[in-house]
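Coordinate analysis (summary)
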Amino acid sequence: MKRRTLLSTSAGTIALTVTAPAVARPDSRATRPLSTFNVISDIQGDLDDLTTALTDIGATAPGGTGLAVAGDITPRGYDAEYAAVQQVVARGPIAREIAWAIGNHEFYVPKYADPRTLALETWPNGTTEDSLFRSFFRFAGRSAVHAETTFGGIPVLTIGTERYMHYHDPKLWDEVWLSEAQLRWLEERLRYWARRRKPVMVIAHHPLPDTVSGTRNKLYRTDYLQADALLGILGRHRDVFLFTGHTHWDLNLSDWYVRRVVPGTANLEGFSVINTGAVQTGFADNGQGGETTVPGRFNQGLQVEVFRDRVVVKARDFTAGTWLKQVTVPLFTTA
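Because the structure is a prediction, the values reported are computed rather than measured.

Brief notes about the overall build of the protein chain
- Counting secondary structure elements, the protein chain contains five helices and 17 strands.
- Expected size for 335 residues packed as a compact globule is a radius of gyration near 20 Å; at 19 Å, the protein chain falls within 12% of this value.
- On the principal axes, the C-alpha backbone points of the protein chain span a range of 60 × 45 × 40 Å.
- Per-residue burial over the protein chain gives 59% buried out of 335 residues.
- Across the protein chain, the fraction of contacts at a sequence separation of at least 24, relative to all contacts at a separation of at least 6, is 71%.
- Entry remark: accessible area of the protein chain is about 13,900 Å², with carbon and sulfur atoms responsible for 51%.
- Positive and negative side-chain charges of the protein chain, numbering 36 and 35 respectively, have mean locations separated by a distance of 10 Å.

Below is the structure:
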């Protein structure tokens, strides 16, 4: 592997999907990050671990510019579950800006006759698809699945499914459907920020195939109905960082960070993809095409520091209060 993209001080190796040519070393004078933010995912009702994570984030990044939550905010998508998360967040420490991505668990209300009664045989139990999106929009304070914000001047784009597919095809459930409008929006925003020589952080719940931990497992290979289209857009941009959750796979695994090259995009260096771990329950490969639970209390996430010439991503165990590993990614273009 040629030295280029990664200057790692991690515990373990970093698995890449690509080798790439060398670029200039990070400027040692650029010691202060332009932006420090955190990424978590898969809360799924574990409010105790969410409280622990936010407390730890407040201690390790007291001047943080934002928090991104990569989906599965709730266990099922009930308004009361969103309200419970909001109460924990409001108790602080409160992030300056929060970017919420929608996850598959936000669509699980139709599986229940009431909050206490699972009733799959009578799905959707009177719940409409529109009502699920309205609940998310009220909570997130916006009117679309995709959105843009900035963390300390660094662009952050959230994307996600615009349909819960079981309403549209009885053979499908949690697969991600992206409209042409959302894909065009993403392409335009990435071009906009590329012209301004800015790295872009993209937050999505579901992982793309053949990227980070778990995505070669049969459970996660077909999450996107438009995977090729999405890869084709992201793959053109060397300074895009895609953060994904959903798998709950352990950040101790070597392929927690990869660079993904997309054929036909004329970008031989690829773009960065990072697993976000999970707040609630961890998993790893069971060696038989499935997964096994990580023993003990599991509560992991990321801290990201964006410098003028590099991005540093650190994996964190919130419960233990320890850093697991980190990777430094030099930027190809600098402001």
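So, the sheet that holds strand β9 (residues 200-204)
- The six strands are arranged β7-β8-β9-β10-β12-β11 in an open sheet whose pairing can be described as mixed. The sheet is open, and its two edges are formed by β7 (147-151) and β11 (257-260), each paired on a single side. Averaged over all pairs of adjacent strands, the angle between strand axes in this sheet comes to 25°, irrespective of strand direction.
- Bridge count for β7 against strand β8 (residues 154-158) is five bridges, and the pairing is antiparallel. Among the inter-strand pairings, E148 is bridged to a residue of β8, identified as L157.
- Contacts between helix α4 (residues 180-195) and the sheet are confined to β7, β8, β9 and β10 (240-244), with β8 contributing the most and set at about 170° to the helix.

Focus: the packing of aromatic side chains
- Inspection of the entire model under this criterion finds twelve aromatic pairs.
- Measuring from ring centre to ring centre gives 4.7 Å for W123 and Y167, while their planes differ by 50°; the resulting arrangement is tilted. Residue W123 is found in the loop between β6 (117-118) and α3 (129-140), and its partner Y167 is found in the loop between β8 and α4; the two are separated by 44 residues along the sequence.
- Judged by relative accessible area, which is 25%, Y167 ranks as partly exposed.
- Cluster of aromatic residues (ring-pair linked, three or more members): F107, W123, F133, F136, F137, Y164, Y167 and W173.
- Note that R163 overlies the ring of W177, its terminal NZ or CZ placed 3.8 Å from the centroid.
- Above the ring of F307, the side-chain terminus of R310 is found at 3.9 Å from the ring centroid.

Cut-offs used in this document
Residues numbered from 1 in each chain as written. Predicted model: local features only at pLDDT ≥ 70, side-chain atom pairs only at ≥ 80, totals over all residues. Heavy atoms only, no water. Helix = DSSP H or I, 4+ residues; strand = E, 2+ residues; numbered from the N terminus. Rg over C-alpha atoms; globule rule 2.2 N^0.38 Å. Buried < 20%, exposed > 50% of the residue type's maximum accessible area, 1.4 Å probe, protein only. Contact = heavy atoms within 4.5 Å. Areas by Shrake-Rupley, 256 points an atom, 1.4 Å probe, with all protein chains shown as cover. Lys, Arg positive; Asp, Glu negative; His and termini not counted. Charge placed at Lys NZ, Arg CZ, Asp CG, Glu CD. Pairing = 2+ DSSP bridges. Axes fitted to C-alpha atoms, helices over the stretch in contact; angles between N-to-C directions. Phe/Tyr/Trp six-rings, centres within 6.5 Å; stacked < 30°, edge-to-face > 60°. Lys NZ or Arg CZ within 6 Å of the ring centre and 35° of its normal.

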